[in-house]
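Structure assessment
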Amino acid sequence: MEYRIGQGYDVHALAEGLPMWLGGVQIESSTGFVAHSDGDVALHALCDAMLGALAMGDIGHHFPDNSDEWKGVDSKLLLAKVRDRIAAEGWTVGNADITIALQAPKIARYVPEMRRTIAEVLGIKADRVSVKATTTERLGFVGRGEGCEVWAVVLLTKTSS
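What comes next concerns the included structure. (Residues numbered from 1 in each chain as written. Predicted model: local features only at pLDDT ≥ 70, side-chain atom pairs only at ≥ 80, totals over all residues. Heavy atoms only, no water.)

1. A closer look at the environment of Val121
The topology assignment puts Val121 in helix 4 (residues 111–122). Val121 sits 42 residues away from Leu79 along the chain, and the two C-alpha atoms are 7.2 Å apart. Among residues more than four places away in sequence, those in contact with Val121 are Lys76, Leu79, Ala80 and Arg83. (Helix = DSSP H or I, 4+ residues; strand = E, 2+ residues; numbered from the N terminus. Contact = heavy atoms within 4.5 Å.)

If you want it as structure tokens, here you go:
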């Protein structure tokens, strides 16, 4: 077996009246993410981790935010396209670990659905997807409720032929 590790990071600002998508799940909130796509910062970080593991650039390289093709796109579609790109090279996700920093709203109750949704898109079991939620104890832009940041780490595996 061959292994590759990738790390991804993404951040989006929050604004009133926009939908909030995290981990492929719509979150009940009066604020949402300012973005060209649906703004799912968790899936964007995960895409970057997967692409980074294979030195394939980042999400902005593959899905530019100045392209009408990706305007308003569901980030689950972006994740599926990244999954297909790594699969074309013979790789699959062994496991993923995602940490979401968001002051409000509280998202712990959505975590099981996020894990299931991400696993379904990746074609793996949910026990191979970890999603953790934290606040920043009111510190920084996240703590002031101005945005959200997410870190993701993945292990990719390839069976040698």
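Next comes the rest of the description.
2. Things to note about the pattern of salt bridges
Summed over all chains, the structure comprises five salt bridges. Of the charged contacts, one joins Asp84 and Arg83 as a salt bridge, the two residues approaching to 2.8 Å between their closest N and O atoms. Overall, the relative accessible area of 26% leaves Arg83 in the partly exposed class. (Salt bridge = Lys/Arg side-chain N within 4 Å of Asp/Glu carboxyl O. Buried < 20%, exposed > 50% of the residue type's maximum accessible area, 1.4 Å probe, protein only.)

3. Observations regarding the side chain of Thr136
By the element assignment, Thr136 lies in the loop between strand 6 (129–134) and helix 5 (140–143). Reaching out from Thr136, the side chain makes a polar contact with the backbone nitrogen of Gly143 at a distance of 3.0 Å. Setting aside residues no more than four positions away along its own chain, Thr136 makes contact with Ala101, Gln103, Val142 and Gly143. (Polar contact = N/O pair within 3.5 Å; in protein donor to acceptor, adjacent residues only side chain to side chain.)

4. What about the nonpolar core?
Ranked by internal contacts, the top residues of the largest apolar core, which has 48 residues, are Leu22, Leu46 and Ile100. With ten residues, helix 1 (residues 41–53) is the single largest residue contributor to this core. Apart from the residues lying within four places of it in its own chain, the contact partners of Leu22 are Ile27, Phe33, Asp40, Val41, Ala42, Ile100, Leu102, Ile107, Met114 and Cys148. (Core = buried A, V, L, I, M, F, W, Y, C linked by side-chain atoms within 4.5 Å.)

5. Points about the packing of aromatic side chains
What the rule picks out here adds up to one aromatic pair. Judged by centre distance (5.7 Å) and plane angle (50 degrees), the ring pair of Tyr9 and Trp151 falls under tilted. Taken as a pair, Tyr9 in strand 1 (residues 2–16) and Trp151 in strand 7 (residues 147–158) lie far apart in primary sequence, 142 residues in all. Residue class for Tyr9 comes out partly exposed when judged on its relative accessible area of 35%. On the basis of relative accessibility, which here comes to 34%, the residue Trp151 falls in the partly exposed class. (Phe/Tyr/Trp six-rings, centres within 6.5 Å; stacked < 30°, edge-to-face > 60°.)

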